[in-house]
Structures are given as structure tokens and as C-alpha cells.
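Residues per chain, in single letters:
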Amino acid sequence: GYSDIVRSTSACVHFVEAREVDEELLEFKSELDAARISCAYVDCRQLIANPEGTCDAVAVAIGAEHAPYGEGHWIRLLDDMISLSVKLPGLVVVLNHADELFDVDRSKVFDLLESFLIQIHHWLGKKKPCHLCFQMSPHPLVAEVFGKH
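Throughout what follows, the structure given in this document is the object of discussion.

Conventions we followed
Residues numbered from 1 in each chain as written. Predicted model: local features only at pLDDT ≥ 70, side-chain atom pairs only at ≥ 80, totals over all residues. Heavy atoms only, no water. Helix = DSSP H or I, 4+ residues; strand = E, 2+ residues; numbered from the N terminus. Buried < 20%, exposed > 50% of the residue type's maximum accessible area, 1.4 Å probe, protein only. Contact = heavy atoms within 4.5 Å. Lys, Arg positive; Asp, Glu negative; His and termini not counted. Charge placed at Lys NZ, Arg CZ, Asp CG, Glu CD. Core = buried A, V, L, I, M, F, W, Y, C linked by side-chain atoms within 4.5 Å. Pairing = 2+ DSSP bridges. Axes fitted to C-alpha atoms, helices over the stretch in contact; angles between N-to-C directions.

## A short note on the overall build of the protein chain
Working step 1: Regarding its fold elements, the protein chain presents 6 helices and 4 strands.
Working step 2: Secondary structure elements of the protein chain, listed N to C terminal, follow the sequence β-α-β-α-α-β-α-α-β-α.
Working step 3: Considered along the principal axes of its C-alpha atoms, the protein chain spans approximately 35 × 30 × 25 Å.
Working step 4: Counting across all 149 residues of the protein chain, residues that qualify as buried make up 48%.
Working step 5: Considering only contacts within the protein chain whose residues lie at least 6 apart along the sequence, 74% involve residues at least 24 apart.
Working step 6: Computed over 13 positive and 23 negative side-chain charges, the inter-centroid distance for the protein chain is 7 Å.

Structure (C-alpha cells):
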């Protein structure tokens with residue numbers, strides 16, 4: 001679930017099912033806001049027609065300095081995430097309806113996972129939370145809480 005997203009931990013990749021989401025998510029979001037931890041939201045249904053756009057969608061959502069990059073520039077994403085580890089107190093990336101992206105093109109999800117994990121030690125070394133959350137089955141509260149900017 002989302003219970004550890006406020007902490008800096010090596011358990012930083014989450015695969016969340018709808019049954020794990022409840023009203024407690026509102027409390028987690030309040031804690032994130034109080035700690036000024038940035039939250040980025042991507043609705044993966046918008047990537048189904050063009051999974052190649054996954055890198056750019058995540059880059060834009062996190063406010064990456066050099067986004068958008070064009071197709072498949074995962075190294076640029078991890079470089080920008082390293083830069084954000086200096087600037088931000090923390091980052092949570094939520095990919096809603098992630099199961100649909102897995103079904104269409106797993107390779108893009110694995111590219112994202114690899115880029116995320118390569119750079120995570122920069123956040124951990126600074127004791128800053130950084131989490132990648134795959135919402136694998138829909139729950140309306142996820143979009144309501146994280147989809148607002």
C-alpha cells in the first residue's frame with residue numbers, strides 16, 4: 001500500500017491493489033503535504049495508444065527540468081531525478097491504472113523501473129523519501145487524492 005510513502009526507505013517501489021486503498025490515503029497525503037513532499041500523478045490510460053510516451057509523461061509529471069525529452073530517453077529522466085533529489089524534500093510518483101500499461105507494453109514499465117532504481121541511492125543517501133507507486137487496480141480515491149495539482 002501507500003503507508004510508507006512519507007519515509008525514506010529502500011522499499012520504494014509499490015504495487016498497490018484497490019483493496020489496499022481506503023480513507024487512510026487522505027492522511028498519508030496530508031503528511032506528504034506537511035513535509036512538502038512532491039507528488040506526481042500519471043493516468044496510464046492516456047499512454048495506452050502510445051506507450052513510448054511513458055518516459056515523457058513521468059518526466060512532465062515530476063516537473064523534470066529538461067522534459068519532455070522525446071521517445072525513450074530514460075537516462076535523461078534519471079539524470080533529472082538525481083537533480084530533483086537535491087532540490088526537493090521528497091517525491092512520490094503514482095501511476096494509476098498501471099495494470100493497463102503492463103498489459104500493453106511491459107518493456108516501458110521495466111525501463112521506468114530500471115531508471116528509477118538506478119538513481120534511488122541519491123534520495124536514500126540524503127534520507128529523502130522517493131517512491132514509485134503502481135496502482136494496479138483502479139480505486140477512485142487514488143485519482144482524487146493524487147490527481148489534483
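## Description of the nonpolar core
Most often, soluble globular proteins keep nonpolar side chains buried together rather than apart.
Working step 1: Formed by 32 residues in total, the largest nonpolar core has its most connected members in Ile 62, Leu 77, Leu 95 and Phe 134.
Working step 2: Those elements that place two or more of their residues in this core are strand S2 (38–43), helix H2 (54–62), helix H3 (74–87), strand S3 (91–96), helix H4 (98–104), helix H5 (106–125) and strand S4 (130–135).
Working step 3: In terms of residue count, H5 provides more of this core than any other element does, 6 residues in total.
Working step 4: Membership of the second largest hydrophobic core comes to 17 residues, among which are Tyr 2, Cys 39, Leu 141 and Val 145.

## Observations regarding the pairing of S2
Working step 1: Along S2, 5 of the 6 residues are buried, which leaves the element largely enclosed by surrounding structure.
Working step 2: Here 6 bridges tie S2 to S3, and the two strands are oriented parallel to one another. Counterpart to Tyr 41 in the pairing with S3 is Val 94.

## A short note on the sheet that holds S3
Working step 1: Pairing in this open sheet of 4 strands is parallel, and the strands run S1-S4-S3-S2 from one edge to the other. Edge positions in the sheet fall to strand S1 (13–16) and S2, since each of these pairs with one other strand and no more. Sheet twist, expressed as the mean angle between neighbouring strand axes with direction ignored, is 15°.
Working step 2: When S1 meets S4, the two strands line up parallel, connected through 4 bridges. Paired with His 14 across the strands is Cys 133, a residue of S4.
Working step 3: Contacting S2 and S3, H2 crosses the sheet at an angle of about 150° to S2.

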